[in-house]
Amino acid sequence: MAANPLIQKFNTPFETFPFDQVSNSDFLPAIKHWIDVAKDRIASIRDSSEIADFENTIAALDFAQKELNLVSAAFFNLNSAETNDEMQSLAQEIAPLLSEFANDVVLDEKLYQRIQQVTSAPNTPDAQMLFKKTILAFERNGAKLGEKEKNRLREIDQKLGKLSLEFGETVLRDTNSFEMLLEHEDDLEGLPDDFREQAKSAAEKLSKAGWLISLRPDSYLEFMKYSTRRDLRKKLYLAFAARGMKAEKNNLKVIEDLVGLRRERANLLGYSSHAAFILEERMAKNPQTVLSFLENLKDHALPIAKNEMKMLEEFAQVTEEIDKIQKWDVNYLLEKIRKEKLNIDDEALRPYLPLPEVTKGIFEITRRLFGLKFKKQTNIPVYHPEVETYEVTDEQDNHIAVLYMDFFPRDGKRGGAWKTAYRGQYHYEDKNVRPHISIVCNFNRPTKNKPALLNFQELTTYFHEFGHALHGMLADGTYPSLTGTNVSWDFVELPSQLFENWCYEQEALNIFAKHLETGENIPNDMLESIRKQRVFFEAYATIRQLGFGMIDMAWHNLTKDDEISSVFQLEKSIMKKIDLLPNIENTAISPAFSHIFQGGYSAGYYSYKWSEMLEVQCFDIFQKNGIFDAQTAGNYRKLLAAGGSTDADMLFQEFTGEKPNPAVLINRLEQK
Ligand SMILES: [Zn+2]
């Protein structure tokens with residue numbers, strides 16, 4: 001039997017992942033092998049007879065699983081970008097192994113004792129940060145608690161796991177149990193052809209005649225946006241807004257149990273609330289900062305949002321004879337007024353944005369900003385022939401990173417777009433180990449005669465992911481757990497959202513956006529419309545986002561003595577401050593708010609608007625100094641290079657010279 005290529009040093013250009021030598025059956029044994037190696041290393045750190053110090057304990061721990069990280073990152077990236085049944089069932093086996101290993105580490109009492117013997121760390125930002133974070137990782141899992149409390153903590157964790165699952169299952173049940181079968185052509189008024197096509201084949205799958213509309217996001221959102229039939233929109237909305245509450249077994253009680261247990265867990269660990277526990281490791285740091293951020297933004301955005309609604313009401317009266325806009329009208333009206341006022345045809349932009357030119361443009365922009373060069377490679381192994389690879393160097397040809405780009409949809413690739421790392425950056429034994437970064441997208445494919453042509457949304461997606469990739473590629477830290485995009489949650493979207501701004505700048509667009517046939521740049525009026533679209537009814541959208549953020553915080557910032565109110569009570573008390581549309585009885589957001597009750601967004605929903613604020617403030621600096629100003633880019637590069645080794649707040653203030661300031665979001669709104 002051939003040796004497992006994942007258990008040896010990679011014999012490939014730049015030590016890239018040996019996709020060409022690996023078969024699926026190599027992953028599980030390799031991961032088991034590297035878990036054992038990591039365990040052995042950790043045991044010898046723990047049981048060492050030397051005096052514990054930063055290097056032999058804290059730092060050694062961070063490097064203990066560097067090979068394991070490499071193989072598991074590749075496996076899960078592959079499982080997202082090029083999966084099959086075998087990979088998926090392997091994932092079911094591998095994921096629990098990894099979480100069991102991670103748990104064993106932070107629950108190891110003797111290891112915690114050993115760590116406590118370390119009295120100081122070198123006086124560098126990343127050593128100090130690693131010291132602090134390592135201790136926290138143990139303590140946030142109960143290392144400081146007595147036996148009885150520890151047991152209670154485990155019990156709570158198990159219950160929370162079950163409740164989250166139950167929450168998700170109920171949302172899924174209520175999503176799937178509803179269907180709206182349309183039997184007459186005139187029920188379809190306003191719906192685009194391809195949507196009708198999908199609805200028809202959805203009905204056919206159930207051996208029914210007609211068109212089937214469901215509550216699944218793609219179906220629901222499209223219908224609400226395009227259907228001219230107010231009665232049907234209402235029917236669909238009422239079903240959608242009752243998800244999680246449709247049967248006796250519903251999420252109302254589950255939510256109360258979830259937030260109660262999350263609070264108890266936080267209290268056990270010495271935090272006033274679940275939000276305080278979560279935010280300790282975020283840029284915002286504490287609930288008070290988040291609450292005043294939300295409140296402040298609300299005060300600024302609400303008057304503008306009210307004006308927007310007035311405008312929409314007038315529009316609705318004239319065009320639809322709708323007197324009072326209801327929740328089931330908004331998306332439809334917004335789409336209609338957008339078409340009328342902005343006159344944007346997303347398809348008309350495509351000829352200006354051929355993918356190969358856009359790629360060259362992005363490379364040129366990053367050359368001007370950071371002096372990076374991209375050399376196409378042909379001998380780096382890839383997992384699919386469509387994947388492009390580049391060596392990234394600085395102007396003196398020093399190696400910086402390897403970049404993979406995988407642009408088009410395939411069976412076996414999940415939807416959306418993302419950035420991942422096949423190898424993170426770190427320093428080890430005097431060597432600067434450089435990163436291998438990958439961007440995966442689902443862009444419109446090329447045809448026989450034409451290259452792939454992007455629409456504007458695909459363009460901003462490309463820039464977004466490239467912004468993340470820069471964070472990874474320009475990383476320059478010491479410890480693997482603190483480099484690149486390993487930063488706090490409410491900071492990680494700053495580089496990606498910031499880079500999107502170059503898509504709206506003529507100076508940047510003129511580099512690459514040229515019409516496929518005429519060679520002309522994007523006409524001014526088109527560009528103007530795109531800019532307007534960015535802030536079109538944005539105050540309304542902001543208020544909606546704030547509503548979600550406020551509900552999230554209301555559930556998760558409950559302290560010991562607060563009473564847990566019912567879902568309807570809690571939401572009413574928030575929505576009455578910000579709701580721009582009439583309240584509908586027996587509907588609620590929380591029972592289907594999977595982000596915070598099933599996913600990882602609890603006490604984190606504010607991050608969307610928070611990172612937008614950071615991005616606006618950072619881009620202001622570029623606009624003041626010039627979007628290609630080398631010195632500004634150089635300063636910004638320091639923020640990227642630092643990764644998670646320095647406090648995010650400090651990095652931000654060093655670059656902007658300012659504190660986070662929600663008012664800038666309003667300035668952007670008012671620029672229209
Ligand atoms: Zn992102």
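As the structure is a prediction and not an experimental result, all values here were calculated from the model.

1. Considering the sheet that holds strand β5 (residues 399–406)
Step number 1: The sheet built from five strands is open, its strands ordered β3-β4-β5-β9-β6 with mixed pairing. This sheet does not close on itself; its edge strands, each paired only once, are β3 (373–377) and β6 (418–423). The average undirected angle you get between the axes of adjacent strands in this sheet is 25 degrees.
Step number 2: Bridge count for β6 against strand β9 (residues 436–440) is five bridges, and the pairing is antiparallel. Along β9, the bridge assignment pairs K419 with I439.
Step number 3: Where helix α3 (residues 66–81) meets the sheet, its contacts fall on β5, β6 and β9, and the angle it forms with β6 comes to roughly 145 degrees.
Step number 4: On the sheet, helix α15 (residues 355–370) packs against β3, β4 (388–393) and β5 and is oriented at approximately 155 degrees with respect to β5.

2. Focus: the side chain of N455
Step number 1: By the secondary structure assignment, N455 is in the loop between β9 and α16 (456–473).
Step number 2: Using a relative accessible area of 9% as the deciding quantity, one classes N455 as buried.
Step number 3: Of the polar contacts made by the side chain of N455, one reaches the backbone nitrogen of Q457; its length is 3.2 Å.
Step number 4: When near neighbours in sequence (up to four residues on either side) are disregarded, N455 contacts D346, R350 and L353.

3. So, the coordination of the zinc ion
Step number 1: With distances of 2.1 to 2.7 Å, the protein atoms coordinating the zinc ion are H464 (NE2), H468 (NE2), E493 (OE) and E493 (OE).
Step number 2: Considering all four donor atoms around the zinc ion, the spread of angles at the metal, 51 to 140 degrees, places the coordination shape in the irregular class.
Step number 3: Every donor residue of the zinc ion comes from the same chain, spaced as H-x3-H-x24-E. Of this pair, H464 sits in helix α16 while E493 sits in the loop between α16 and α17 (494–500); the two residues are 29 residues apart in sequence, bridging distant segments of the chain.
Step number 4: According to the relative accessible area criterion, H464 is buried, its value standing at 14%.
Step number 5: In this structure E493 comes out as partly exposed when scored by relative accessible area, which is 26%.

4. Brief notes about empty space enclosed by the protein
Step number 1: Inspection of the entire model under this criterion finds three cavities of 30 Å³ or more.
Step number 2: There is about 60 Å³ of room inside the largest cavity.
Step number 3: Residue lining of the largest cavity: L369, F370, G467, L470, P495, L498, F499, W502, F622, Y636 and L640, and that is the complete set.
Step number 4: Of all the secondary structure elements, the ones that give two or more residues to the lining of the largest cavity are α15, α16, α17 and α24 (630–642).
Step number 5: Grouping the amino acids of the lining of the largest cavity by side-chain chemistry returns 10 nonpolar, one polar and no charged.
Step number 6: Computed from the structure, the second largest cavity encloses a volume of approximately 40 Å³.
Step number 7: Lining the second largest cavity are F10, E15, T16, F17, L70, Y422, R423 and H436.
Step number 8: Here the lining of the second largest cavity is composed, by residue class, of four nonpolar, two polar and two charged.
Step number 9: When we break the lining of the second largest cavity down by domain, the ones giving at least three residues each are domain 1 (5–144) and domain 3 (353–487).

What counts, and where the lines are drawn
Residues numbered from 1 in each chain as written. Predicted model: local features only at pLDDT ≥ 70, side-chain atom pairs only at ≥ 80, totals over all residues. Heavy atoms only, no water. Pairing = 2+ DSSP bridges. Helix = DSSP H or I, 4+ residues; strand = E, 2+ residues; numbered from the N terminus. Axes fitted to C-alpha atoms, helices over the stretch in contact; angles between N-to-C directions. Contact = heavy atoms within 4.5 Å. Buried < 20%, exposed > 50% of the residue type's maximum accessible area, 1.4 Å probe, protein only. Polar contact = N/O pair within 3.5 Å; in protein donor to acceptor, adjacent residues only side chain to side chain. Donors = N, O, S within 2.8 Å, 3.2 Å for Na, K, Ca; no water. Tetrahedral: all angles 85-135°; square planar, octahedral: opposite > 155°, others 65-115°. 1 Å grid on protein atoms, 1.4 Å probe; cavity = no way out; pocket = protein on both sides within 12 Å on 5 of 7 lines; lining within 4 Å. Points joined across faces, edges and corners; volume = space filled by probe spheres on them. Nonpolar A, V, L, I, M, F, W, Y, C, P; charged D, E, K, R; others polar. Domains from an automatic or database assignment.

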